[in-house]
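Below, each chain spelled out in residue letters.
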Amino acid sequence: MPTDPRALPKAEFAFPGPLRDQLVAAILDGSKTSTTGILADYEHCGDPLPEVGSLAAVVDSNDRRIAIIEVTHVRLARLADVDLAHAIDEGEGFTTLAAWRAVHETYWHSPEMRNSLNDNTFTVTDETTVVLQRFHLITDLR
């Protein structure tokens, strides 16, 4: 498996900007060890689902590869079935599922996400399939 960060697929957390910067900082300090994506986003982009054991290069808002992570767990679930432990491990300070969901719905319903999906009315529900991913930091490249 390649460990040259230039040979690894990119791991992009959120869109470039303050949120990505916050999430990348949480990965680098070890507080972020999970993330949640929308299956529809993977399908729309034609991206494969992450696989356990795969490595990826985390990019910052300037598209610099600044860390290598390894996927340790992947699970598809209904949005309604996301558990508090997963939400807490996202490293954003969530203490309730309601707070986690509110922030994520705001992101998933944002103009940027809807534009990315080419769907101006995209909306998540309890039945929306999400991709729950756990990972750990392998290398800080800063």
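(A) The pairing of strand 5 (residues 129-140), seen in detail. When strand 2 (residues 34-38) meets strand 5, the two strands line up antiparallel, connected through 5 bridges. Note that in strand 5 the partner of Thr35 across the bridge is Gln133. As defined by bridge partners, strand 4 (residues 65-78) adjoins strand 5 across 11 bridges and the pair is classed as antiparallel. The residue of strand 5 that forms the bridge with Arg78 is Thr129.

(B) The arrangement of the pattern of salt bridges in detail. Scanning the entire structure with this criterion turns up 11 salt bridges. Put simply, Glu127 and Arg78 hold a salt bridge, and the shortest N to O gap is 2.4 Å. Placement of the pair is Glu127 in the loop between helix 5 (111-116) and strand 5 and Arg78 in strand 4, with a sequence separation of 49 residues. On the accessibility criterion, Glu127 (52% relative accessible area) is exposed. Judged by relative accessible area, which is 31%, Arg78 ranks as partly exposed. Close ionic contact of Asp89 with Arg134 constitutes a salt bridge, the shortest N to O distance being 2.6 Å. Of the two residues, Asp89 is situated in helix 3 (residues 84-89) and Arg134 in strand 5; the sequence distance between them amounts to 45 residues. Each of the salt bridges in this network shares a partner with another, and the network as a whole consists of Arg78, Asp81 and Glu127.

(C) How the structure looks around the side chain of Glu92. Along the chain, Glu92 falls in the loop between helix 3 and helix 4 (97-108). Despite its burial, Glu92 remains without a salt bridge, the nearest opposite charge being carried by Lys32 at 4.1 Å. Those residues within four positions of Glu92 in sequence are excluded, and the remaining contacts are Leu19, Gln22, Leu23, Lys32, Val103 and His104.

(D) Structural detail: the pairing of strand 3 (residues 55-59). Burial within strand 3 is extensive, with 5 of its 5 residues counted as buried. On strand 3, burial covers both faces: Leu55, Ala57 and Val59 on one face and Ala56 and Val58 on the other are all buried. By the bridge criterion, 2 bridges tie strand 1 (residues 10-11) to strand 3 in an arrangement that is parallel. The partner of Ala11 across the bridge, within strand 3, is Val58. By the bridge criterion, 5 bridges tie strand 3 to strand 4 in an arrangement that is antiparallel.

(E) Region of the structure containing helix 4. Relative to the 16 Å expected for 12 residues at 1.5 Å per residue, helix 4 spans 16 Å between its end C-alpha atoms, a close match to the ideal helical length. Along helix 4, the positions that sit buried rather than exposed are Trp100, Arg101, His104 and Trp108. Projected down its long axis, helix 4 carries its buried residues within an arc of 90°, all on one side. The outward face of helix 4, more than 90 degrees from its buried face, is lined by the exposed residues Ala98 and Thr106. For helix 4, the elements touching its buried residues are strand 2, helix 3, helix 5 and strand 5.

(F) Fine view of a nonpolar patch on the surface. Judged by side-chain polarity, Leu84, Ile88 and Leu97 come together as a nonpolar surface patch covering roughly 220 Å² of accessible area. Looking at the element boundaries, Leu97 is found in helix 4.

Rules used in this analysis
- Residues numbered from 1 in each chain as written.
- Predicted model: local features only at pLDDT ≥ 70, side-chain atom pairs only at ≥ 80, totals over all residues.
- Heavy atoms only, no water.
- Pairing = 2+ DSSP bridges.
- Helix = DSSP H or I, 4+ residues; strand = E, 2+ residues; numbered from the N terminus.
- Salt bridge = Lys/Arg side-chain N within 4 Å of Asp/Glu carboxyl O.
- Buried < 20%, exposed > 50% of the residue type's maximum accessible area, 1.4 Å probe, protein only.
- Lys, Arg positive; Asp, Glu negative; His and termini not counted.
- Contact = heavy atoms within 4.5 Å.
- Expected span 1.5 Å × (residues − 1).
- Arc of directions from axis to C-beta.
- Patch = residues over 30% accessible without salt bridge, like charges linked within 9 Å, V, L, I, M, F, W, Y side chains within 5 Å.
- Areas by Shrake-Rupley, 256 points an atom, 1.4 Å probe, with all protein chains shown as cover.

Worth remembering: the numbers are spatial, not functional.
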